[in-house]
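Working through the structure, step by step
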Amino acid sequence: MHVTGQSGQTGAGEMDMERMLREYGDGLLRMCYLYLKDRSLAEDALQETMLRAYQARASFEGRASEKTYLTAIAANVCRNMLKSAWLRRFAGSKPLESLPAPDSPGAGDFTVTRAVMALPDRLREAVVLYYYRGMKLREIAQALDISVSTVSARLERAKKRLRAQLKEWYFDE
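Here goes a summary of the coordinates provided. (Residues numbered from 1 in each chain as written. Predicted model: local features only at pLDDT ≥ 70, side-chain atom pairs only at ≥ 80, totals over all residues. Heavy atoms only, no water.)

As for helix H3 (residues 66-83)
With 18 residues, H3 ought to run about 26 Å at 1.5 Å a step, and its terminal C-alpha atoms sit 26 Å apart, in line with that. By the burial criterion, the buried members of H3 are Glu-66, Thr-68, Tyr-69, Leu-70, Thr-71, Ala-72, Ile-73, Ala-74, Ala-75, Val-77, Cys-78 and Met-81. (Helix = DSSP H or I, 4+ residues; strand = E, 2+ residues; numbered from the N terminus. Expected span 1.5 Å × (residues − 1). Buried < 20%, exposed > 50% of the residue type's maximum accessible area, 1.4 Å probe, protein only.)

Comments concerning the environment of Leu-34
Mapped onto the elements, Leu-34 comes out in helix H1 (residues 17-36). Exposure remark for Leu-34: the relative accessible area of 7% places this residue in the buried category. Between the C-alpha atom of Leu-34 and that of Arg-124, which follows or precedes it by 90 residues, the distance is 8.1 Å. Ignoring anything within four residues of it in the chain, the contact list for Leu-34 reads Thr-113, Met-117, Arg-124 and Val-128. (Contact = heavy atoms within 4.5 Å.)

Brief notes about the packing of helix H6 (residues 121-132) against helix H7 (residues 137-144)
Between H6 and H7, the least distance of the axes is 10 Å, while the angle of their chain directions is 135°. Judged by the inter-axis angle, H6 sits oblique to H7. Judged by the twist between their axes, the crossing of H6 over H7 is right-handed. For the pair H6 and H7, contact is made by Glu-125, Ala-126, Leu-129 and Tyr-130 and by Leu-137, Ile-140 and Leu-144, respectively. Taken together, the residues of the contact of H6 with H7 break down into six nonpolar, no polar and one charged. (Axes fitted to C-alpha atoms, helices over the stretch in contact; angles between N-to-C directions. Parallel < 35°, antiparallel > 145°, perpendicular 65-115°, else oblique. Left-handed = near helix turned anticlockwise from the far one by under 90°. Nonpolar A, V, L, I, M, F, W, Y, C, P; charged D, E, K, R; others polar.)

Structure below.
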């Protein structure tokens, strides 16, 4: 199965779920973790995301890239999980070290990750999608169903908060 979309795959409305899980699974898992702050819940959210994408495969029209499409589904799944009364009452967060760190310099230092996780939900999701998932402002706006200017404003507010919170963490300041 393949998907029609900006990434150039062929086959109208069909998705290759195994390929999508290979390509986007780790990034979506990390994004879900940053939303939910729990590894097991993030894994559940990823599984639910892939299930929903599979169930809606016939309606995928390719107006957005697969990455944007899956990110939007994952964000909605995580938001729904956060609204759950059970989650609010009983779920706790597990250590950040339990989440596989991305391949980047300083991947073992979770200072920035903790600071991002402490942001309010709307600011955190903008930061995660822009910096961590590498999405463009337009893609984020599309995934979250908000305007590009709203995405930009949220990123600016988040950067301002992070700058103040991480001031001593930077060597050049």
